[in-house]
Amino acid sequence: NYTPFGFFIFFFSQAFFLSTRSSKAFTEAEKLAIDLEHKSQRVEETTIELKQLTENLEIKIQERTNELELANKEIDKLNKIMKKINSVSELTDVLTFVMFHLEKDYKFNEFWMLLIDDTKNELYTFSFVSPYTTSEKINAAKQIKISITE
């Protein structure tokens, strides 16, 4: 009677097949775990890179916004100056107004305007404005005439 021997072979073969399948499943699970770990690391790296890019973009946006705000303020300031200039009819008033803003906004301390006298072929001082110069020096500057030839 070979029945006990057949059962033994049957149980042994079943145990062998089950252990082989379990081993393959365990190996596959290890491979999947390693693959998942690599993908997780890539996701973390990508997340960090994305955060850095977002922060850099926010900084650039803020810098550009600041630049635009400064440019808008400058345009508004110049627009106000131009409105004032257009509302004044005397050239000396215009020059005084321009000098005031050049001094205030751009730290200019003198403003000198020369015009051409076609009849005498010379440049003459039309206006000289300086808050740091005496009226005597201003009058002396207004007396300057420069001969020009064509």
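What comes next concerns the included structure. These numbers were taken from a predicted model, which means no experiment stands behind them. (Residues numbered from 1 in each chain as written. Predicted model: local features only at pLDDT ≥ 70, side-chain atom pairs only at ≥ 80, totals over all residues. Heavy atoms only, no water.)

**Some details on the packing of helix 1 (residues 3–87) against helix 2 (residues 91–106)**
When two helices pack together, their arrangement is given by the angle between their axes and by how far apart the axes lie.
Alright, step 1. Between helix 1 and helix 2, the least distance of the axes is 10 Å, while the angle of their chain directions is 160 degrees. When the interaxial angle is binned, helix 1 and helix 2 end up roughly antiparallel. For the crossing formed where helix 1 meets helix 2, the hand is right-handed. For the pair formed by helix 1 and helix 2, the contact residues are Glu74, Lys77, Leu78, Ile81, Lys84 and Ile85 on the first element and Val94, Phe97, Val98, His101, Asp105 and Tyr106 on the second.
Alright, step 2. Looking at the contact of helix 1 with helix 2 residue by residue, the class counts come to seven nonpolar, one polar and four charged. (Axes fitted to C-alpha atoms, helices over the stretch in contact; angles between N-to-C directions. Helix = DSSP H or I, 4+ residues; strand = E, 2+ residues; numbered from the N terminus. Parallel < 35°, antiparallel > 145°, perpendicular 65-115°, else oblique. Left-handed = near helix turned anticlockwise from the far one by under 90°. Contact = heavy atoms within 4.5 Å. Nonpolar A, V, L, I, M, F, W, Y, C, P; charged D, E, K, R; others polar.)

**What about the packing of aromatic side chains?**
Alright, step 1. Tallying each qualifying case throughout the model produces four aromatic pairs.
Alright, step 2. Every member of this aromatic cluster is reached through a ring pair, and the members are Phe7, Phe10 and Phe11. (Phe/Tyr/Trp six-rings, centres within 6.5 Å; stacked < 30°, edge-to-face > 60°.)

**Examining helix 2**
Alright, step 1. The end-to-end C-alpha distance of helix 2, which contains 16 residues, comes to 21 Å, matching closely the 22 Å that a straight helix rising 1.5 Å per residue would cover.
Alright, step 2. Within helix 2 the residues assigned to the buried category are Val94, Leu95, Phe97, Val98, Met99, His101 and Leu102. (Expected span 1.5 Å × (residues − 1). Buried < 20%, exposed > 50% of the residue type's maximum accessible area, 1.4 Å probe, protein only.)

**Comments concerning a nonpolar patch on the surface**
Alright, step 1. On the surface, Tyr2, Phe5, Phe8, Ile9 and Phe12 cluster together to form a nonpolar patch covering roughly 650 Å² of accessible area.
Alright, step 2. Positionally, Phe5 belongs in helix 1. (Patch = residues over 30% accessible without salt bridge, like charges linked within 9 Å, V, L, I, M, F, W, Y side chains within 5 Å. Areas by Shrake-Rupley, 256 points an atom, 1.4 Å probe, with all protein chains shown as cover. Salt bridge = Lys/Arg side-chain N within 4 Å of Asp/Glu carboxyl O.)

**Comments concerning the nonpolar core**
Generally speaking, a soluble globular protein has its nonpolar side chains buried in company with each other.
Alright, step 1. Counting ten residues, the largest nonpolar core is built from Ile81, Ile85, Val88, Val94, Leu95, Phe97, Val98, Met99, Leu102 and Phe111.
Alright, step 2. Looking at this core, the elements that each hand over two or more residues are helix 1 and helix 2.
Alright, step 3. By residue number, the principal contributor to this core is helix 2, which donates six residues.
Alright, step 4. Apart from residues lying up to four places away in sequence, Ile85 is in contact with Val94, Phe97 and Val98. (Core = buried A, V, L, I, M, F, W, Y, C linked by side-chain atoms within 4.5 Å.)

**Topic: the pattern of salt bridges**
Alright, step 1. Summed over the entire model, instances satisfying the criterion amount to three salt bridges.
Alright, step 2. Between Arg64 and Glu67 there is a salt bridge, with its nearest N and O atoms 3.2 Å apart. Of this pair, Arg64 and Glu67 both sit in helix 1, separated by three residues, roughly a single helical turn.
Alright, step 3. Note that Lys77 and Glu74 form a salt bridge whose closest N and O atoms lie 3.8 Å from each other. Separated by three residues within a single helix, Lys77 and Glu74 lie in helix 1, roughly one turn from each other.
Alright, step 4. Residue classification places Lys77 among the partly exposed residues on the basis of a relative accessible area of 29%.

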